[in-house]
Amino acid sequence: MTPHEIIIGYARKFVPLSEEEAMQFGAAFREVKINKRQFIVQPGFVARSRWFVIQGALRGYVVGDAGEDHTIQLAIEEWWISDYNSYIFQQPASMFVVALEDCVLLQISHEDEKQLKAMNHAFETFFRILGERSTASMQRRIISNHTKTAEERYQYFLEKYPLMVERLPQYVVASFLGMSTEFLSKIRNQKVRRKS
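Note that this is a predicted model, so its numbers are computed, not measured.

### Notes on the sheet that holds strand β3 (residues 49-55)
Here four strands make up an open sheet; going across it, the order is β1-β8-β3-β6 and the pairing antiparallel. Sheet topology places β1 (30-34) and β6 (80-81) at the edges, where each strand pairs with a single neighbour. With two bridges connecting them, β3 and β6 associate as antiparallel partners. Residue pairing for β6: W51 is matched across the bridge by I81. Against the sheet, helix α1 (residues 3-12) engages β1, β3, β6 and β8 (103-109), with an angle of about 105° to β3.

Here it is as structure tokens:
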């Protein structure tokens, strides 16, 4: 399948699209290839696009005052990524978004998304559903971070995203779960010892 066929298939999971609508929708996206360690969003610059991942993995993170980084978002195939506060309000970004692997992405600009939404109710519905799902996911993550132990957060992540645990560097998983790499190592070693 081509990248544009993939995103059309993805959109059809949420809204029905005629062939003409599917072509209009797909045409709004531009295929981009980025290299591992390449940044697509940086603080201080407006995120003028959002990206749909065809192949690869990315992370969005912020750097605290003490220099520690905190992973806010992860994205693998068929996930979206951007600095959404910057993208939605077209103001300077506060996050970095970087490729963890070589990536193939479909990029849509803020302007093209606005035009799609104005053009067709189905497109507007699709992007609304994305926003609702993203908000619900962020809420679950915030609640988990406030109510679950580090071990419970890791166990949930392991069960929900087993391939990501194998695929992503340990420091990224640790940062996403709100713990140090050393603490995550300790949790993983305890799990291995319990199995033995």
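On we go.
### What to know about helix α2 (residues 19-27)
Considered for burial, the residues of α2 that qualify are E21, A22, F25 and G26. Considered in projection along α2, the buried side chains sweep an arc of 130° and stay on one side of the axis. Residues of α2 that are exposed and point over 90 degrees away from its buried face: E19, E20, M23 and A27.

### What to know about the packing of α2 against helix α5 (residues 121-147)
Running from N to C, α2 and α5 point in directions that differ by 55°, and their axes come no closer than 11 Å. Classed by the angle they form, the pair α2 and α5 counts as oblique. Here α2 and α5 pass one another in a crossing that is right-handed. Between α2 and α5, the residues in contact are E21, Q24 and F25 and F123, F126 and F127, respectively. Among the residues making up the contact of α2 with α5, the classes are represented as four nonpolar, one polar and one charged.

### A look at the environment of K114
Turning to its location among the elements, K114 is positioned in helix α4 (residues 110-119). Exposure remark for K114: the relative accessible area of 46% places this residue in the partly exposed category. As for K114 and F127, which are separated by 13 residues in sequence, their C-alpha atoms are 10.0 Å apart.

### Side note on the nonpolar core
Within the largest apolar cluster, 42 residues are counted, with the highest numbers of intra-cluster contacts made by F25, F29, I40, L58, W80, L105 and F126. It is α5 that contributes the most residues to this core, six residues altogether. Residues in contact with F29, not counting those within four places in the same chain, are H4, I7, W80, L106, Q107, I108 and F127. Y154, A174, L184 and I187 belong to the second largest nonpolar core, which has 18 residues in total.

### Examining unusual backbone geometry
Of note in the backbone geometry, E78 takes a positive phi value of approximately 65° without being a glycine. In this fold, E78 is placed in the loop between β5 (69-75) and β6. According to the relative accessible area criterion, E78 is partly exposed, its value standing at 29%. Residues other than glycine seldom take positive phi values, yet Q90 does so here, at roughly 50°. Along the chain, Q90 turns up in the loop between α3 (84-89) and β7 (96-99).

### Structural notes on the sheet that holds strand β4 (residues 58-63)
One open sheet holds the four strands; their spatial order is β2-β7-β4-β5, and the pairing between them is antiparallel. Two strands in the sheet have a free side with no partner beyond their single neighbour: β2 (39-41) and β5. Ignoring strand direction, the axes of neighbouring strands in this sheet form an average angle of 30°. By the bridge criterion, four bridges tie β4 to β7 in an arrangement that is antiparallel. Residue pairing for β7: Y61 is matched across the bridge by F96. Together, β4 and β5 form the strand contacts of helix α8 (residues 170-177), whose direction differs from that of β5 by roughly 100°.

Reading guide: rules and limits
Residues numbered from 1 in each chain as written. Predicted model: local features only at pLDDT ≥ 70, side-chain atom pairs only at ≥ 80, totals over all residues. Heavy atoms only, no water. Pairing = 2+ DSSP bridges. Helix = DSSP H or I, 4+ residues; strand = E, 2+ residues; numbered from the N terminus. Contact = heavy atoms within 4.5 Å. Axes fitted to C-alpha atoms, helices over the stretch in contact; angles between N-to-C directions. Buried < 20%, exposed > 50% of the residue type's maximum accessible area, 1.4 Å probe, protein only. Arc of directions from axis to C-beta. Parallel < 35°, antiparallel > 145°, perpendicular 65-115°, else oblique. Left-handed = near helix turned anticlockwise from the far one by under 90°. Nonpolar A, V, L, I, M, F, W, Y, C, P; charged D, E, K, R; others polar. Core = buried A, V, L, I, M, F, W, Y, C linked by side-chain atoms within 4.5 Å.

Honestly, it's all geometry; don't read function into it.
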